[in-house]
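One-letter residues, chain by chain:
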Amino acid sequence: MNKRQTLFIFLLPVIFSTGLLLTSCTEEGEVISKPDEFTHVYEASENKLIRAIAQVFKEKGFGTATINQETNEVKSGYLIQDDWRTKGIARIKKINWKECEVVLSVITEKKISNGWEMRRLLGKKQYDTFFDAIELQLYQEMYKVK
């Protein structure tokens, strides 16, 4: 065998597996009736967490977030792409004098013939990425010079 044939035999499985990976990314998600919620606890005040979450929603492309100080809730607008729309909701609950719990839900819906159908596209790993971004933004909020 010459070098070209050896290279082709080596690259063929790599190209094939890459193709399978790319087609699996177009998965339409599992239909759900209730949005997933994941929680994370932070050592911060409610106000700083609210500002950090609103900033993360903005950075992730969800647009300007709506903050409800009475219920300690942050909601993003819908991010619409093709036949999909996504919205983020975070509720903050004070646990004690130094800790707050954040309940995060990212709602993804697909347009169907008679409206919108809720689908699960994000898993625990993607929510952890959101929580990491919130933590980083929280540190920036805590150390802002006023």
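Residues numbered from 1 in each chain as written. Predicted model: local features only at pLDDT ≥ 70, side-chain atom pairs only at ≥ 80, totals over all residues. Heavy atoms only, no water.

Visitor: Explain the overall build of the protein chain to me, and be specific about the residues and the numbers.
Guide: Check the secondary structure of the protein chain and you find 3 helices and 8 strands. If you list the helices and strands of the protein chain from N to C, you get α-β-β-α-β-β-β-β-β-β-α. Residue burial in the protein chain is summarised as follows: out of 146 residues, 31% are buried. The long-range fraction of contacts in the protein chain, counting pairs at least 24 apart against all pairs at least 6 apart in sequence, stands at 58%. Summed over all atoms, the accessible surface of the protein chain reaches about 10,100 Å², with 55% contributed by carbon and sulfur. (Helix = DSSP H or I, 4+ residues; strand = E, 2+ residues; numbered from the N terminus. Buried < 20%, exposed > 50% of the residue type's maximum accessible area, 1.4 Å probe, protein only. Contact = heavy atoms within 4.5 Å. Areas by Shrake-Rupley, 256 points an atom, 1.4 Å probe, with all protein chains shown as cover.)

Visitor: I'd like a rundown of the layout of surface pockets, residues and numbers included.
Guide: By volume, the largest pocket amounts to about 180 Å³. As for the largest pocket, its lining consists of L79, Q81, W84, T86, V106, T108, L121 and L122. Elements represented by at least two residues in the lining of the largest pocket include exactly β5 (79–81), β6 (84–94) and β7 (100–112). Looking at side-chain class alone, the lining of the largest pocket contains 5 nonpolar, 3 polar and no charged residues. (1 Å grid on protein atoms, 1.4 Å probe; cavity = no way out; pocket = protein on both sides within 12 Å on 5 of 7 lines; lining within 4 Å. Points joined across faces, edges and corners; volume = space filled by probe spheres on them. Nonpolar A, V, L, I, M, F, W, Y, C, P; charged D, E, K, R; others polar.)

Visitor: Give me the environment of I89: which residues, what numbers.
Guide: Locating I89 in the fold gives a position in strand β6. On the basis of relative accessible area, I89 is assigned to the buried category, the value being 14%. Measuring from C-alpha to C-alpha, the distance between I89 and S76 comes to 6.5 Å, with 13 residues separating the pair along the chain. With near-sequence residues (within four places) excluded, I89 lies in contact with F57, E73, V74, K75, V103, L104, S105 and I107.

Visitor: If you had to explain unusual backbone geometry to someone new, which residues and values would you point to?
Guide: One non-glycine residue, N72, lies in the positive phi region at around 55°. Mapped onto the elements, N72 comes out in the loop between β3 (66–68) and β4 (73–75). Relative accessible area serves as the criterion here: at 13%, N72 is assigned to the buried category. One non-glycine residue, D82, lies in positive phi territory at about 55°.

Visitor: Please provide a residue-by-residue account of the packing of aromatic side chains, values included.
Guide: Counted by the stated rule, this structure contains 4 aromatic pairs. Where F57 meets F130, the ring centres are 6.4 Å apart and the plane angle is 75°; that geometry is what we call edge-to-face. Placement of the pair is F57 in helix α2 (residues 46–59) and F130 in helix α3 (residues 124–142), with a sequence separation of 73 residues. Comparing F57 with F130 shows no difference in burial state: the two are buried. (Phe/Tyr/Trp six-rings, centres within 6.5 Å; stacked < 30°, edge-to-face > 60°.)

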